[in-house]
Amino acid sequence: MNRTVSVILWVAVCLIMGYLSSLMQGNSIEEWYPLLAHSPLSPPGWLFPVAWTLLYTLMGISVGLLAGIRSLYAMVLYVLFVIQFILNIMWTFFFFYLRSPLLGFMDIILLDMFALLYTVGAFVVYKPSAWLFIPYIAWLIFATYLNGYIMLYN
């Protein structure tokens, strides 16, 4: 598959799945989440959809750029990407749908590990794919802190 087509498809998949994931928030985002004790570093609510739109776009570009690389290592990267993406979606399910900061925290720790494995592996296979994942890694570290804070103080 042509790289441009691959990037477009992967960005579309990431954005669509991100949107579908956001639907799992349901009424928790209005009825439950605002009542929780939040970190003083918590960003305003409007920032989350903006940040996630950018991050899902960068994620799609990152994995889409791997198109055409024929190696076992690249195939492993696709698997790591899919696993971390499933964990990303499951976090919303655990945290918001089930309203469980503990399950969300357990999930995000695994998500951090798989996203880091993808990033490190991408540095070996195709460096631009790895660099595009760095903002996501930074956001995940911050999100892990926010989730941990909510878990500890509620």
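Everything below is about the structure printed above this text.
Keep in mind the model is a prediction, meaning the values are calculated, not measured.

(A) Region of interest: the side chain of S39. In this structure, S39 sits in the loop between α2 (28-31) and α3 (47-64). A polar contact is formed between the side chain of S39 and the backbone nitrogen of L41, at a distance of 2.9 Å. Among all residues touching S39, those that are not within four sequence positions of it are Y145, L146 and Y149.

(B) Spatial organisation of the side chain of S129. Considering the arrangement of structural elements, one finds S129 in helix α6 (residues 127-153). Leave out the neighbours within four places in its chain, and S129 touches S62, L65, L66, Y118 and A122.

(C) Structural detail: the environment of S22. You can see S22 is positioned in helix α1 (residues 3-23). Sequence separation of S22 and P43 is 21 residues, and the distance between their C-alpha atoms is 18 Å.

(D) Focus on helix α5 (residues 101-125). Its 25 residues give α5 an end-to-end C-alpha distance of 35 Å, which sits within 8% of 36 Å, the value for a rise of 1.5 Å per residue. Taken as a whole, α5 has its buried residues at P101, G104, D107, I108, L111, D112, A115, Y118, T119, G121, A122 and V125.

(E) Layout of the packing of aromatic side chains. Taken as a whole and judged by the stated rule, the model has 26 aromatic pairs. When the ring of W52 is compared with that of Y56, the centres are 5.1 Å apart and the planes differ by 35 degrees; the resulting orientation is tilted. Residue W52 and its partner Y56 are located together in helix α3, separated by four residues, close to a single helical turn. What makes Y56 buried here is its relative accessible area of 7%. Here F93 and Y97 contribute two aromatic rings whose centre-to-centre distance is 5.2 Å and whose plane-to-plane angle is 15 degrees, an arrangement assigned as stacked.

(F) Representation of the nonpolar core. Of all hydrophobic cores here, the largest spans 37 residues; its most connected members are M59, L66, F81, Y118 and Y136. Broken down by element, the residue count for this core peaks at eleven residues, all from helix α4 (residues 72-97). Apart from the residues lying within four places of it in its own chain, the contact partners of L66 are L77, Y78, Y118, V125, Y126 and S129.

Cut-off values and rules
- Residues numbered from 1 in each chain as written.
- Predicted model: local features only at pLDDT ≥ 70, side-chain atom pairs only at ≥ 80, totals over all residues.
- Heavy atoms only, no water.
- Helix = DSSP H or I, 4+ residues; strand = E, 2+ residues; numbered from the N terminus.
- Polar contact = N/O pair within 3.5 Å; in protein donor to acceptor, adjacent residues only side chain to side chain.
- Contact = heavy atoms within 4.5 Å.
- Expected span 1.5 Å × (residues − 1).
- Buried < 20%, exposed > 50% of the residue type's maximum accessible area, 1.4 Å probe, protein only.
- Phe/Tyr/Trp six-rings, centres within 6.5 Å; stacked < 30°, edge-to-face > 60°.
- Core = buried A, V, L, I, M, F, W, Y, C linked by side-chain atoms within 4.5 Å.

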